[in-house]
Amino acid sequence: MRHISSSLNVTADTLSRISENKIPSPIDYKAISKAQLFDKEFQLLKSCSNSLKFQFLKVPEKNTELFCDVSTGRCRPFVAKELRRRIFETLHNLSHPRVKATVTLVGDRFLWPGNKKQFAE
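As a convention, each chain's residues are numbered from 1 in the sequence order in which they are written. Where totals are concerned, whole chains, interfaces and linings use all residues; where local detail is concerned, this predicted model gives features only for residues with pLDDT of at least 70, and gives and counts side-chain atom pairs only at 80 or more. For side-chain calculations, the full set of non-hydrogen atoms in the structure is used, while hydrogens and water are omitted.

- An unreviewed UniProt entry lists the chain under the name Integrase zinc-binding domain-containing protein, with Araneus ventricosus given as the organism.

Shown next, in the form of structure tokens:
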């Protein structure tokens, strides 16, 4: 295998210069925050759930504030119905995992009722 000098390997050079702060997130956290305010399902879940623990948290790097479930030890923002497909596609399209892996991937990071059932469809 031939070694390519780093100065001549444009792809490696470009990828090594990417900063996490410069990569735009395809997930619109401001839209999630705004949708939470008007989502009836979320309001009902927030007032009736015994197993979920919601906190209003500031997300400085996204410059927004979200209601997140923290009952699992991870911050999982509630996602309103109109944004769920976009969240699913964004995470699923990273590596096209199977159903079980997608359920885990999304469920560890976001919250909405019935997500396991939706992924199996």
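Read on, since the account is not over.
1. As for the UniProt feature "domain: Integrase zinc-binding" (unreviewed entry) in the chain
- UniProt positions are given in the numbering used here, feature names are shortened, and annotations may be inferred rather than shown by experiment. What UniProt calls "domain: Integrase zinc-binding" (unreviewed entry) maps, in this numbering, to residues 80–118.
- Think of it this way: any DSSP run of H or I at least four residues long counts as a helix, any run of E at least two long counts as a strand, and we number them from the N terminus. Span residues 80–118 is 72% helix and 0% strand, its end C-alpha atoms 14 Å apart.

2. A short note on the pairing of strand β1 (residues 54–59)
- Bridge count between β1 and strand β2 (residues 64–69): six bridges; the pairing is antiparallel. Paired with Phe-56 across the two strands is Phe-67, which belongs to β2.
- Strands were regarded as paired on the criterion that DSSP finds at least two bridges between them. If you look at the hairpin formed by β1 and β2, you'll find four residues sitting between the two strands, and Asn-63 has a positive phi there, around 55°.

3. So, the packing of aromatic side chains
- The aromatic pairing rule takes the rings of Phe, Tyr and Trp, using the six-membered ring of Trp, and pairs them if the centres are within 6.5 Å, calling planes under 30 degrees apart stacked, those over 60 edge-to-face and the rest tilted. Throughout the structure, instances matching the rule amount to five aromatic pairs.
- Each ring, one from Phe-42 and one from Phe-67, has its centre 5.5 Å from the other, and the planes form 50°; the classification is tilted. Placement of Phe-42 in helix α3 (residues 40–48) and of Phe-67 in strand β2 is noted, with a sequence separation of 25 residues between them. Considered together, Phe-42 and Phe-67 belong to a single accessibility category, that of buried residues.
- Here the aromatic rings of Phe-56 and Phe-67 are separated by 4.7 Å at their centres, their planes lie at 50°, and the arrangement is tilted. Separated by 11 residues along the polypeptide, Phe-56 in strand β1 and Phe-67 in strand β2 bring together distant segments of the chain.
- A connected cluster of aromatic rings, assembled from ring pairs, spans Phe-42, Phe-54, Phe-56, Phe-67 and Phe-78.
- Put simply, a charge is over a ring when the Lys NZ or the Arg CZ is close to the ring centre, within 6 Å, and near the line of the ring normal, within 35 degrees. Positioned above the aromatic ring of Phe-67 is the side chain of Lys-46, whose terminal nitrogen or guanidinium carbon lies 4.2 Å from the ring centre. Each residue's exposure class comes from its accessible area (1.4 Å probe, protein chains only) as a fraction of the maximum for that residue type: buried when under 20%, exposed when over 50%, partly exposed otherwise.

4. Side note on the pairing of β2
- Counted residue by residue, β2 has five buried out of six residues, so it is predominantly covered.
- For β2 and strand β3 (residues 76–77), the ladder comprises two bridges, and the chain directions are antiparallel. Its bridge partner lying in β3, Asp-69 is registered against Arg-76.
- As consecutive antiparallel partners, β2 and β3 are separated by six residues, and within that stretch Gly-73 has a phi angle of approximately 90°, a positive value.

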